[in-house]
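This is what each chain is made of:
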Amino acid sequence: MSDLLFELVDEATNDKLQIYENRIKFTKKERTAAGCSVMTKTFPISALRSVQIKAPGAGSAGFLQVSGGSGTVRRETGPAGALRNENSISVAEADYERAKQIKEYLEGRIAK
């Protein structure tokens, strides 16, 4: 039985964020001159330190971004920078309410 609680999929890129009982998993396609490869990153929810969300707006993408406790923070500016971060996913208007639910859930887990 899967312990998948939430899933968010970027329809434009097919990037995926999955929230499980005890872990977070990002699956993203990395585009390079040589083609595409799939990057998967999984880390325990216990390592989560923060969650950020930005609503999509006129002419700008929304996103959901998390940071773990690795000690290093990748500084990216603006929505475009956040979307390049491996710990983020684009959020469409249709998915914004779901993204807010995910943020609230994760913040609750951080508080424990």
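A few points on the structure. Treat the numbers as computed from the prediction; the structure is a model and nothing was measured. (Residues numbered from 1 in each chain as written. Predicted model: local features only at pLDDT ≥ 70, side-chain atom pairs only at ≥ 80, totals over all residues. Heavy atoms only, no water.)

Looking at the sheet that holds strand E2 (residues 16-20)
Whenever strands of a sheet pair, they do so through backbone hydrogen bonds, lying parallel or antiparallel.
Here comes step 1: The four strands are arranged E1-E2-E3-E4 in an open sheet whose pairing can be described as antiparallel. Every interior strand has two partners, whereas the edge strands, strand E1 (4-9) and strand E4 (35-44), have only one. For this sheet, the mean inter-axis angle between neighbouring strands, taken without regard to orientation, is 15°.
Here comes step 2: Judged from the five bridges that link them, E1 and E2 form a sheet pairing that is antiparallel. Among the inter-strand pairings, Leu8 is bridged to a residue of E2, identified as Leu17.
Here comes step 3: Helix-sheet contacts for helix H2 (residues 96-111) involve E1, E2 and strand E3 (23-32), and the interaxial angle to E1 is about 135°. (Pairing = 2+ DSSP bridges. Helix = DSSP H or I, 4+ residues; strand = E, 2+ residues; numbered from the N terminus. Axes fitted to C-alpha atoms, helices over the stretch in contact; angles between N-to-C directions. Contact = heavy atoms within 4.5 Å.)

Details of the sheet that holds strand E7 (residues 88-91)
Here comes step 1: Here we have three strands laid out as an open sheet, ordered E5-E6-E7, and antiparallel in their pairing. With one partner strand each, in any of the chains shown, strand E5 (48-54) and E7 form the two edges of the open sheet. Averaged over all pairs of adjacent strands, the angle between strand axes in this sheet comes to 15°, irrespective of strand direction.
Here comes step 2: Bridge count between E5 and strand E6 (residues 62-68): six bridges; the pairing is antiparallel. Within the sheet, the bridge partner assigned to Lys54 lies in E6 and is Phe63.

Points about the nonpolar core
Here comes step 1: Counting residues in each nonpolar core, the largest one holds 19 residues, and the members touching the most others are Leu17, Ile19, Ile24, Leu64, Val66 and Leu106.
Here comes step 2: Looking at this core, the elements that each hand over two or more residues are E1, E2, E3, E5, E6, E7 and H2.
Here comes step 3: Counting residues per element, this core draws most heavily on H2, which supplies four residues.
Here comes step 4: Excluding residues that lie within four positions of it along the chain, Leu64 makes contacts with Leu17, Gln52, Ile53, Asn87, Ser88, Ile89, Val91, Ala99, Ile102 and Lys103. (Core = buried A, V, L, I, M, F, W, Y, C linked by side-chain atoms within 4.5 Å. Buried < 20%, exposed > 50% of the residue type's maximum accessible area, 1.4 Å probe, protein only.)

Some words on the packing of aromatic side chains
Here comes step 1: Considering all chains together, one arrives at one aromatic pair under this definition.
Here comes step 2: Between Phe6 and Tyr105 the ring centres are 5.4 Å apart and the planes differ by 55°, which places this aromatic pair in the tilted class. Placement of Phe6 in strand E1 and of Tyr105 in helix H2 is noted, with a sequence separation of 99 residues between them.
Here comes step 3: The aromatic ring of Tyr20 is capped on one face by Arg23, whose charged end is 3.9 Å from the ring centroid. (Phe/Tyr/Trp six-rings, centres within 6.5 Å; stacked < 30°, edge-to-face > 60°. Lys NZ or Arg CZ within 6 Å of the ring centre and 35° of its normal.)

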